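Residue-level listing of the chains:
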Amino acid sequence: MTEAIAEFLVSEPGAAVLGRGAKALTNAQDLPPELRAGALTILDGRERAHKRGWEEAGQLFLTADALAQASSTEIAAFHAKCFSECESVLDACCGVGRDALALAAAGKRVVAVDTDPARLVFARANAHVLGLEEKIRFVCADVTALEGESGHCEGAFFDPARRDGHTRFSADSERYQPPLSFLESLQERHKIVVAKLSPALHEDTLTSLGGQLLFLSEERTCKEACIVLGGEAGPARALLLPSGESYERGEEPFIADELGEYLLDPDPGVIRAGALGALADACQAALIAPTDMYLTAAEPSLRAAVRSYKIRVALPYRDRTLGRWLREQGIGRLVVKKRHYPKEPEAVHKELGLKWGGKGAEATLVIVAQGKSWLGIVCDPVN
Ligand SMILES: C[S@@+](CC[C@H](N)C(=O)[O-])C[C@H]1O[C@@H](n2cnc3c(N)ncnc32)[C@H](O)[C@@H]1O
């Protein structure tokens, strides 16, 4: 989107255009195509943001693309908390301002920089909507070439672009914009530096950066690898939001001698952080099989980091008795959970003699490796 279109959309006449709503705009013949497309993008962004639980979504200026890269409310608030020792923070790549706004809402003076002029127009308008514009100075520039005021901030937040219009390159830090190497320059100039990176980055890349490494997980998705430089550092950790549960990287969990009454499915952030041992200890659980990362325990757990399932039966997966057992129990539909079993759920139903999309009671089937074959664990969610 051009800066001119963005400027128009945040103006009063722009509000009138947006007020027509998506349905009317789709067929509007009286608007230039770029303006109509821009307005529809904002309305689409608002709808998506609303679904993501942003309270003020209906008034904010977000594009689907910028929103896809923006932090969630909880995660932006966590980033801001990392700067408790700082009064001023540089947001090196502010986008539409999700993190800059959270920093300002936490009482920081913010310098928010981005190369994209249209995103800056929206970020400024969003600050206005939230009454935070006094706290944020917006700068349209390449942050890697910026001298002066940005260096005067005590802290710096770095959230480089991990995609362009066509491709995502989350796991390739060489292609990040600005490149990951810029982190070093920020570290030289600022007391605390927080970087929001992809959890898909190679472990060696992440650990080579030093500092405290946190894997942030929300809604059972590992959303980011967050590096905090300049504060106290310990072993890598998983941090679950909004619960605040945290698990430290350590020893692998024990392998269970036998299945307990319950199967516990760990949060992906805990697995990514290498913190399954700590979670297993906390739940008095052990691994079912070394490769599949499912735990078993005598009791269910109320922790946010696991989903508990009451086990009904565990049978060799290929054995026809599993299919027969399911039919005898009147089970016609399965929620299939697996990490390594190669077939898709539809094929699993077929293999077990069940009709895909068929009728009957529902159960969860977890398929785990058992030596060179597979074990089918039929269970029901507890929480
Ligand atoms: C992942 S987004 C930031 C999202 C933001 N933290 C939020 O939550 O809304 C990355 C941003 O970096 C900007 N960018 C890329 N290269 C830059 C550079 N050299 N200087 C400043 N900004 C840059 C992009 O335009 C993009 O808006």
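What you see is a predicted model, and the numbers here were worked out from it, not measured in a lab.

Student: Where do I start with the site of the ligand in this structure?
Tutor: In the region of the ligand, 23 residues are neighbours, and Asp99, Asp114, Arg119, Asp142 and Asp159 sit closest. At 3.5 Å from an oxygen atom of the ligand is found a main-chain nitrogen or oxygen belonging to Cys94. In the environment of the ligand, a nitrogen atom lies 3.0 Å from a nitrogen or oxygen atom belonging to the backbone of Val143. Coverage of the ligand by the protein chains reaches 93% of its 610 Å² of free accessible surface.

Student: What should I look at first to understand helix α13 (residues 320-328) in this one?
Tutor: Turn by turn, an α-helix covers 3.6 residues, leaving residues three or four places apart pointing in a common direction. Of all the residues in α13, the buried ones are Leu322, Gly323, Trp325 and Leu326. Summarising the axial view, the buried residues of α13 lie within an arc of 160°, below the 170-degree limit, and thus occupy one face. Away from its buried face by more than 90 degrees, α13 exposes Arg320 and Glu328. Against β13 (306-316), β14 (331-338), β15 (361-370) and β16 (373-381) lie the buried residues of α13. Two residues or fewer after α13 comes Gly330, characterised by a positive phi angle close to 75°.

Student: What's the story with the layout of surface pockets in this structure? I'm lost.
Tutor: Summary: where empty space remains is shown by rolling a probe the size of a single water molecule over the atoms. Its boundaries defined by the atoms lining it, the largest pocket holds a volume of some 1100 Å³. Taken together, 49 residues form the lining of the largest pocket, with Ala68, Gln69, Ala70, Asp159 and Lys196 sitting closest to its centre. When contributions to the lining of the largest pocket are tallied by element, the ones reaching two or more residues are α5 (64-69), α6 (73-81), α7 (98-105), β2 (109-114) and β7 (221-229). Along the lines of polarity and charge, the residues of the lining of the largest pocket split into 17 nonpolar, 13 polar and 19 charged. A domain-level breakdown of the lining of the largest pocket finds at least three residues from each of domain 1 (3-65) and domain 2 (70-234).

What counts as what
- Residues numbered from 1 in each chain as written.
- Predicted model: local features only at pLDDT ≥ 70, side-chain atom pairs only at ≥ 80, totals over all residues.
- Heavy atoms only, no water.
- Near = heavy atom within 4 Å.
- Polar contact = N/O pair within 3.5 Å; in protein donor to acceptor, adjacent residues only side chain to side chain.
- Areas by Shrake-Rupley, 256 points an atom, 1.4 Å probe, with all protein chains shown as cover.
- Buried < 20%, exposed > 50% of the residue type's maximum accessible area, 1.4 Å probe, protein only.
- Helix = DSSP H or I, 4+ residues; strand = E, 2+ residues; numbered from the N terminus.
- Arc of directions from axis to C-beta.
- Contact = heavy atoms within 4.5 Å.
- 1 Å grid on protein atoms, 1.4 Å probe; cavity = no way out; pocket = protein on both sides within 12 Å on 5 of 7 lines; lining within 4 Å.
- Points joined across faces, edges and corners; volume = space filled by probe spheres on them.
- Nonpolar A, V, L, I, M, F, W, Y, C, P; charged D, E, K, R; others polar.
- Domains from an automatic or database assignment.

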